[in-house]
Amino acid sequence: MGMVMICIGLRKFGRRFLYDVIGAVIYEDRASRSRAFWANHRTAWPDIVAPARNAGTRTMKLGIAFRYSTFSPPLIGRIVSKADEWGIPSLWFNDSQTPISTLEMCGVALGAARKAKVGTGVLRPAEYDIAKLAARTHTLNEASGGRFILGVGTGQGSGRSAMEELVELASKVRASYPEGAQPPRIFFSALRSKMTRVAFLNADGVLLNFCTPSHVAGVLPQDVERKKGFKVAAYVKLFFSEDDRRAKKMMIDEFVHYDSIANYHRLFELLGVAASIE
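Residues numbered from 1 in each chain as written. Predicted model: local features only at pLDDT ≥ 70, side-chain atom pairs only at ≥ 80, totals over all residues. Heavy atoms only, no water.

## Here we look at the side chain of Thr 120
In step 1: As for its position among the elements, Thr 120 is in strand S7 (residues 117–120).
In step 2: Judged by its relative accessible area of 0%, Thr 120 is buried.
In step 3: Engagement of the side chain of Thr 120 in a polar contact is seen with the backbone nitrogen of Gly 151, the distance being 2.8 Å.
In step 4: Excluding anything up to four places from it in sequence, Thr 120 contacts Trp 92, Phe 93, Thr 102, Leu 103, Cys 106, Phe 148, Ile 149, Leu 150 and Gly 151. (Helix = DSSP H or I, 4+ residues; strand = E, 2+ residues; numbered from the N terminus. Buried < 20%, exposed > 50% of the residue type's maximum accessible area, 1.4 Å probe, protein only. Polar contact = N/O pair within 3.5 Å; in protein donor to acceptor, adjacent residues only side chain to side chain. Contact = heavy atoms within 4.5 Å.)

Given below as structure tokens:
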């Protein structure tokens, strides 16, 4: 079986590692015969997790981010139970162009797991009714004993107005929770320093995608460690197929797809990879 991994690596920032959470995003070739692989606890997942556990990275934790194009809802439910047994501490779901509801899947995962935290990574609050979003996320957080994380992003919006709108929407969500209730932690997605700073000032964590360790070290606020409880999360992408060439093509297709989004194209230009994608 072929596997390609876009690995952001491990790198120390001050006295701790850059990332508090690594979310593994798994893409599997639809023609692959290995789908049962992910539902079986005797498979490679413990081997993938083991190096992070044994490398002395006490502040870094590995999570799983689910793509509905790879995992069906019934399979997700089975994997969540196994992941919880293995001690994987966080599970992530993102909005997608499918009929599957991200918040409903978070509810499924929170019900199937006893200890793991579950988050949206990310959804776009501008596309939701704020009062209803607050009610649903409050329910998820209360019913799970505080294990829900609300990850939000600007979508394809950019510039100061998009940042301000995200901060305003997040504030409205917080204000909509019942008096005395503990709101879920809120993470902002970010690619560059301005949005990372906005997350540092207005959220409980930042969620990064396609960002190398050197890029993250440059965009994190210098005083990031002074904010108690602030988390830095990032995605690693894994591409599986029984054919190496197919796995590599899946990786290239993913880069090309994201390069069509203006915010990511600017990031790829900054990282020096945009020309090779084109």
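## A closer look at the pairing of strand S5 (residues 61–66)
In step 1: For S5, the tally of buried residues reaches five of six residues, placing the bulk of the element in the interior.
In step 2: Examined bridge by bridge, S5 and strand S6 (residues 90–93) share four bridges and lie parallel to one another. Following the sheet pairing, Phe 66 is matched in S6 by Phe 93. (Pairing = 2+ DSSP bridges.)

## A few points about the nonpolar core
In step 1: With 62 residues, the main nonpolar core has Phe 66, Leu 91, Phe 93 and Phe 188 as its most contacted residues.
In step 2: Per-element accounting of this core gives the leading share, six residues, to helix H2 (residues 73–86).
In step 3: Listed in part, the eight residues of the second largest apolar core include Ala 65, Trp 92, Val 122 and Ala 233. (Core = buried A, V, L, I, M, F, W, Y, C linked by side-chain atoms within 4.5 Å.)

## Describing the packing of helix H8 (residues 244–259) against helix H9 (residues 262–271)
In step 1: Relative orientation of the contacting elements H8 and H9 amounts to 115 degrees, with a least axis distance of 7 Å. Judged by the angle between their axes, H8 and H9 are roughly perpendicular. Within the contact between the two elements, H8 uses Phe 255, Tyr 258 and Asp 259 and H9 uses Tyr 264, His 265 and Phe 268.
In step 2: Looking at the contact of H8 with H9 residue by residue, the class counts come to four nonpolar, one polar and one charged. (Axes fitted to C-alpha atoms, helices over the stretch in contact; angles between N-to-C directions. Parallel < 35°, antiparallel > 145°, perpendicular 65-115°, else oblique. Nonpolar A, V, L, I, M, F, W, Y, C, P; charged D, E, K, R; others polar.)

## A closer look at the pattern of salt bridges
In step 1: What the rule picks out here adds up to eight salt bridges.
In step 2: In this structure, the salt-bridge partner of Lys 237 is Glu 254, at a minimum N-O distance of 3.3 Å. Here the residue Lys 237 occupies a position in strand S11 (residues 231–241), and Glu 254 occupies one in helix H8, the gap between them amounting to 17 residues.
In step 3: Across the pair Lys 249 and Asp 253 runs a salt bridge whose closest N-O atoms are separated by 2.8 Å. Within this pair, Lys 249 and its partner Asp 253 are both found in helix H8, separated by four residues, close to a single helical turn.
In step 4: Asp 253 gets classed as partly exposed once you look at its relative accessible area, which sits at 36%.
In step 5: Each of the salt bridges in this network shares a partner with another, and the network as a whole consists of Arg 67, Lys 237 and Glu 254. (Salt bridge = Lys/Arg side-chain N within 4 Å of Asp/Glu carboxyl O.)

## Some thoughts on the environment of Val 236
In step 1: If you trace the backbone, Val 236 turns up in strand S11.
In step 2: Sequence separation of Val 236 and Leu 208 is 28 residues, and the distance between their C-alpha atoms is 9.8 Å.

## Looking at the pairing of strand S8 (residues 148–152)
In step 1: Extensive coverage of S8 is indicated by the burial of five of its five residues.
In step 2: Because side chains alternate across S8, one face comprises the buried residues Phe 148, Leu 150 and Val 152, and the other comprises Ile 149 and Gly 151, equally buried.
In step 3: Two strands pair when backbone bridges link them, and S7 and S8 are joined in this way by two bridges, in the parallel orientation. Note on S8: the bridge partner recorded for Val 118 is Phe 148.
In step 4: Once you follow S7 into helix H4 (residues 130–143) and on to S8, the crossover reads as right-handed.
In step 5: With four bridges connecting them, S8 and strand S9 (residues 185–190) associate as parallel partners. When the bridges of S9 are listed, Gly 151 appears paired with Phe 187. (Right-handed = clockwise from strand over helix to strand, strands pointing away.)

Shape descriptors only; they carry no functional weight alone.
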